[in-house]
Amino acid sequence: MKNYLQLTRHTGNATLFLAAEMSLISTLQGLPFHIHAEGLRGTGKTTIMRSVKQILPNITRIKGCLYNCDPNNPHCPQHAKLTPEEIAEIGTEEIPTPFLEISHSAKIGTVAGTIDLNKLTNPTQPEAALLPGIIPQAHRGIIFVDEINRLADTSPEITDVLLDAMGTKPGRIQIEETGLPLVDVSVSASVWAASNPDEEPGPLAEIRRQLSDRFDLVIPMGRPSTPEEVVDILKMDESSDDRELSAQEQSHLEQLKTNIENIAQQRDLEMPDYLTNFLANLYINYNIESLRALEAIRQAAILHTCLRKRNQVIISDIITVLPLALYHRVSPATLTEIMNTVNSNRMMGNDNKKNGSGFSLPRFFQQKQAEPQQFAESAPPEKARSLRDLPENGLIKKEKES
Ligand SMILES: [Zn+2]
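Here the structure is a predicted model, which is why all the values come from computation and not from measurement.

Parameters at a glance
Residues numbered from 1 in each chain as written. Predicted model: local features only at pLDDT ≥ 70, side-chain atom pairs only at ≥ 80, totals over all residues. Core = buried A, V, L, I, M, F, W, Y, C linked by C-beta atoms within 7 Å. Buried ≥ 20, exposed ≤ 12 C-beta atoms within 10 Å, placed from the backbone. Domains from an automatic or database assignment. Contact = placed C-beta atoms within 7 Å. Helix = DSSP H or I, 4+ residues; strand = E, 2+ residues; numbered from the N terminus. Pairing = 2+ DSSP bridges. Expected span 1.5 Å × (residues − 1). Arc of directions from axis to C-beta. Axes fitted to C-alpha atoms, helices over the stretch in contact; angles between N-to-C directions. Parallel < 35°, antiparallel > 145°, perpendicular 65-115°, else oblique. Left-handed = near helix turned anticlockwise from the far one by under 90°. Nonpolar A, V, L, I, M, F, W, Y, C, P; charged D, E, K, R; others polar.

**Quick notes on the nonpolar core**
Piece 1. If you look at the biggest cluster of nonpolar residues, it comprises 87 residues, and the most contacted ones within it are I135, I143, L217 and A325.
Piece 2. Here this core spans two domains, and each of domain 1 (14-57 + 97-220) and domain 2 (269-401) adds at least three residues to it.
Piece 3. Ignoring sequence-local partners within four residues, the contact set of I135 consists of V111, A112, I143, V161, A165, I173, V187 and A189.

Have a look at this one:
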């Protein structure tokens with residue numbers, strides 16, 4: 001597998017790096033943040049998402065607890081009622097933040113939980129016990145689902161379990177097994193999904209709208225937009241297949257990990273009132289169907305602020321995440337209208353000056369080629385550039401088609 005650092009960041013995939021890091025920070029803060037990358041085969045969405053495994057910080061859990069009980073806040077059937085002294089007696093251990101995958105062949109028992117055959121067939125001390133499935137075992141971590149549109153189409157039962165796990169933050173899961181008491185535990189895990197809307201059975205929003213709406217952000221994957229970026233990718237591809245990492249690269253990965261951990265410590269950010277009012281107006285004026293959209297924008301803007309290491313949310317944070325939170329929730333025409341309005345207000349200086357930033361905004365939906373980057377303050381790290389290139393690969397095209 002490619003190393004997180006070896007992956008080329010370009011205009012078409014930069015947003016996914018950004019969203020993945022935002023979600024990872026939120027997960028470490030104990031608040032799930034669900035993201036869905038949509039794009040054609042070969043845009044690297046699953047590679048990027050899986051490579052995040054390499055920068056996952058450790059978490060501390062009660063020793064041996066498959067539900068990843070936080071020693072300070074145990075929640076599983078076995079540990080929830082124990083006293084701090086009893087927990088201290090069991091001890092704790094460090095494990096990497098869980099990153100578990102739900103495959104297409106997965107059965108409901110594997111995903112939710114099933115009877116523990118090892119314990120049942122133990123010759124010295126047979127007992128009937130539950131083995132938690134992928135979702136409860138991903139508590140405090142990430143659940144990855146590739147081709148989520150196919151899963152939603154072929155496995156309605158697993159989809160229902162996902163809907164529960166993503167319905168609230170944290171979510172819930174019920175594990176039922178004949179002959180054993182029902183287990184109902186909370187699960188705080190971020191769901192990361194990928195899909196190709198152009199392949200069977202089509203876009204997730206059309207297969208299972210409710211599940212599509214559970215994702216805080218949808219990230220449309222694009223292609224690199226300059227020859228230089230393509231050359232970069234080609235060079236990367238020939239030089240980097242599974243080679244050993246140098247000591248310097250190892251230490252860079254460690255630094256990234258520490259950086260993410262430090263950013264996750266910042267938990268006291270709040271949305272200023274004028275921005276909350278701005279979102280409320282958006283909701284009313286454009287008749288946005290889902291209140292989840294507003295909640296997603298709020299959470300995403302705060303995470304974006306954290307990632308930029310600022311201590312105040314500003315309008316550019318909202319504008320960066322807005323198209324991603326609305327992509328799957330409003331029509332392309334409405335999204336274009338919203339972004340045009342927001343941008344023209346900014347151009348005319350109608351924005352509240354409290355944010356103190358004097359830059360002008362990119363015109364998302366009236367894109368001119370090779371326009372100079374005016375969005376430096378909000379640009380994703382490294383070589384990545386901002387979202388202004390999105391429409392080229394998604395929104396405008398869809399608008400024309402519709
Ligand atoms: Zn436990």
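Continuing now.
**Some thoughts on the pairing of strand β10 (residues 190-195)**
Piece 1. Buried residues dominate β10, accounting for 6 of its 6 residues.
Piece 2. Neither face of β10 is exposed, since S190, W192 and A194 on one face and V191, A193 and S195 on the opposite face are all buried.
Piece 3. One ladder, built from 4 bridges, connects strand β1 (residues 35-38) with β10; its direction is parallel. In the sheet register, E38 faces β10, and the bridge partner there is S195.
Piece 4. Note that strand β7 (residues 142-146) and β10 share 5 bridges and pair parallel. When the sheet's bridge partners are listed, I142 is paired in β10 with S190.

**Considering unusual backbone geometry**
Piece 1. With an omega of -5°, the peptide bond running from K169 to P170 counts as cis.
Piece 2. Mapped onto the elements, P170 comes out in the loop between α8 (156-167) and β8 (171-175).
Piece 3. With omega at 0°, the peptide bond leading from E200 into P201 counts as cis.
Piece 4. Considering the arrangement of structural elements, one finds P201 in the loop between β10 and α9 (204-207).
Piece 5. For E147, which is not a glycine, the phi torsion comes out positive at approximately 50°.
Piece 6. At N287, a residue that is not glycine, the phi angle is positive and equals roughly 55°.
Piece 7. Following the sequence through the fold, N287 ends up in the loop between α13 (273-285) and α14 (291-307).
Piece 8. The exposure class of N287 is exposed, given the 8 C-beta atoms found within 10 Å.

**Some thoughts on the environment of L279**
Piece 1. The residue L279 is located in helix α13 in this model.
Piece 2. C-beta crowding within 10 Å serves as the criterion here: with 19 such atoms nearby, L279 is assigned to the partly exposed category.
Piece 3. In contact with L279, other than residues within four places in its own chain, are L294, I297 and R298.

**Observations regarding α8**
Within an α-helix, residues lying three or four positions from one another point in the same direction, as the helix has 3.6 residues per turn.
Piece 1. Counted at 1.5 Å a residue, the expected span for α8 with its 12 residues is 16 Å, and the 16 Å between its end C-alpha atoms agrees.
Piece 2. All of the buried residues along α8 are I158, V161, L162, A165 and M166. Buried residues of α8, seen end-on, are gathered within an arc of 125° and therefore sit on one face of the element. Facing away from the buried side of α8 by more than 90 degrees, the exposed set consists of P156, E157 and G167.

**Quick look at the packing of helix α1 (residues 14-28) against helix α12 (residues 247-264)**
Piece 1. Look at α1 against α12: their axes get within 9 Å of each other, and the N-to-C directions meet at 60°. Considered as vectors, α1 and α12 are oriented oblique to each other. Relative to α12, α1 is oriented so that their crossing is right-handed. Contacts between α1 and α12 pair E21, L24, I25 and L28 from the former with I260, E261, I263 and A264 from the latter.
Piece 2. Taken together, the residues of the contact of α1 with α12 sort by class into 6 nonpolar, no polar and 2 charged.

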